[in-house]
Amino acid sequence: MKTDTPSLLNERNGTRVRVGRSSAGLGLFATDLFKKGERIVEYTGKRLTEMEVGEIVENRYLLQINDRYTVDGSARANIARYANHSCKPNSEMNTVRGRAYLSAKKKIFPGDEITWNYGRAYFNDFIKDGGCKCSACRGA
Ligand SMILES: [Zn+2]
């Protein structure tokens, strides 16, 4: 298991986002303007191999990077873990050279909650049974 490497992006952008109350518990909010396509935060954590992932019973914060690695983003230091799922998100998770970044899909204004679509596998495992509570699905 490789140890976490510091995220320069998160050191730089740590003051441009905040963790706060949202309809889904805690959420990640912008405190600054983000341009479309701009990187917001990196999804950080320990890198696990497929074999290590296979030994985990339940962890909502696993993010597969590629065929070889999955990031365990469960540590609180990973501020990206606070970004909630939305079926109509304003950001997206992109993988670039083995690292995962949350980027703005459109202009994000100060005060906006930052959301991304967690994808079908996560949705089926963790969301579907309880019903999706994102703002798009609640009609808010
Ligand atoms: Zn939804």
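**Comments concerning the overall build of the protein chain**
Reasoning step 1: From N to C terminus, the protein chain includes four helices and 10 strands.
Reasoning step 2: Order of helices (α) and strands (β) in the protein chain, N terminus to C terminus: α-β-β-β-β-α-β-β-β-β-β-β-α-α.
Reasoning step 3: For a compact globule of 140 residues, the expected C-alpha radius of gyration is about 14 Å, and the protein chain comes in at 15 Å, within 12% of that figure.
Reasoning step 4: On the principal axes, the C-alpha backbone points of the protein chain span a range of 40 × 40 × 20 Å.

**Observations concerning the nonpolar core**
Reasoning step 1: Counting 21 residues, the largest nonpolar core has Val17, Ile40, Val41 and Ile114 as the members making the most contacts within it.
Reasoning step 2: Listed by contribution, the elements that provide at least two residues to this core are strand S2 (25–30), strand S3 (39–43), strand S9 (99–104) and strand S10 (113–116).
Reasoning step 3: Contacts of Ile114, omitting those with residues within four sequence positions, involve Val17, Leu28, Phe29, Ala30, Ile40, Ala83, Asn84, Asn90, Ser91, Leu102 and Ile108.

**What about the coordination of the zinc ion?**
Reasoning step 1: Protein ligation of the zinc ion involves Cys87 (SG), Cys132 (SG), Cys134 (SG) and Cys137 (SG), the donor distances falling in the range 2.3 to 2.4 Å.
Reasoning step 2: Along the chain, the residues donating to the zinc ion are arranged with the sequence spacing C-x44-C-x1-C-x2-C. Pair noted here: Cys87 is in the loop between strand S7 (84–85) and strand S8 (91–96) and Cys137 is in helix H4 (residues 135–138), with a separation of 50 residues, a long-range link.

**Brief notes about the packing of aromatic side chains**
Reasoning step 1: One pass over the full model with this rule turns up three aromatic pairs.
Reasoning step 2: Pairing Tyr118 with Tyr122 gives two aromatic rings, centres 4.6 Å apart and planes at 85 degrees, and the pair type is edge-to-face.
Reasoning step 3: Judged by its relative accessible area of 17%, Tyr122 is buried.
Reasoning step 4: Arranged with centres 4.8 Å apart and planes meeting at 50 degrees, the rings of Tyr122 and Phe126 form a pair that is tilted. Separated by four residues within a single helix, Tyr122 and Phe126 lie in helix H3 (residues 120–127), roughly one turn from each other.

**Notes on the pattern of salt bridges**
Reasoning step 1: According to the stated counting rule, one finds three salt bridges in the structure shown.
Reasoning step 2: The shortest N-O distance in the salt bridge between Arg16 and Glu38 comes to 2.9 Å. Taken as a pair, Arg16 in the loop between helix H1 (8–13) and strand S1 (17–22) and Glu38 in the loop between S2 and S3 lie far apart in primary sequence, 22 residues in all.
Reasoning step 3: Each of Arg16, Asp32 and Glu38 takes part in salt bridges that share partners, so that together they form one network.

**Thoughts on the layout of surface pockets**
Reasoning step 1: Size it by volume and the largest pocket reaches roughly 1,100 Å³.
Reasoning step 2: In terms of lining residues, the largest pocket is bounded by 40 residues, among which Ala83, Asn84, His85, Tyr118 and Tyr122 are the most central.
Reasoning step 3: Ranked by residues supplied to the lining of the largest pocket, first place goes to H3 with five residues.
Reasoning step 4: In the lining of the largest pocket, the residues fall into 18 nonpolar, 12 polar and 10 charged.

**Notes on the pairing of S9**
Put simply, side chains in a regular strand alternate between the two faces of the sheet.
Reasoning step 1: Burial runs high along S9: five of the six residues are buried.
Reasoning step 2: As paired elements, S8 and S9 share six bridges and run antiparallel to each other. If you follow Thr95 over to S9, its bridge partner there is Ala100.
Reasoning step 3: Between the antiparallel neighbours S8 and S9 lie two residues, among them Arg97 with a positive phi of about 45 degrees.

Cut-offs used in this document
- Residues numbered from 1 in each chain as written.
- Predicted model: local features only at pLDDT ≥ 70, side-chain atom pairs only at ≥ 80, totals over all residues.
- Heavy atoms only, no water.
- Helix = DSSP H or I, 4+ residues; strand = E, 2+ residues; numbered from the N terminus.
- Rg over C-alpha atoms; globule rule 2.2 N^0.38 Å.
- Core = buried A, V, L, I, M, F, W, Y, C linked by side-chain atoms within 4.5 Å.
- Buried < 20%, exposed > 50% of the residue type's maximum accessible area, 1.4 Å probe, protein only.
- Contact = heavy atoms within 4.5 Å.
- Donors = N, O, S within 2.8 Å, 3.2 Å for Na, K, Ca; no water.
- Phe/Tyr/Trp six-rings, centres within 6.5 Å; stacked < 30°, edge-to-face > 60°.
- Salt bridge = Lys/Arg side-chain N within 4 Å of Asp/Glu carboxyl O.
- 1 Å grid on protein atoms, 1.4 Å probe; cavity = no way out; pocket = protein on both sides within 12 Å on 5 of 7 lines; lining within 4 Å.
- Points joined across faces, edges and corners; volume = space filled by probe spheres on them.
- Nonpolar A, V, L, I, M, F, W, Y, C, P; charged D, E, K, R; others polar.
- Pairing = 2+ DSSP bridges.

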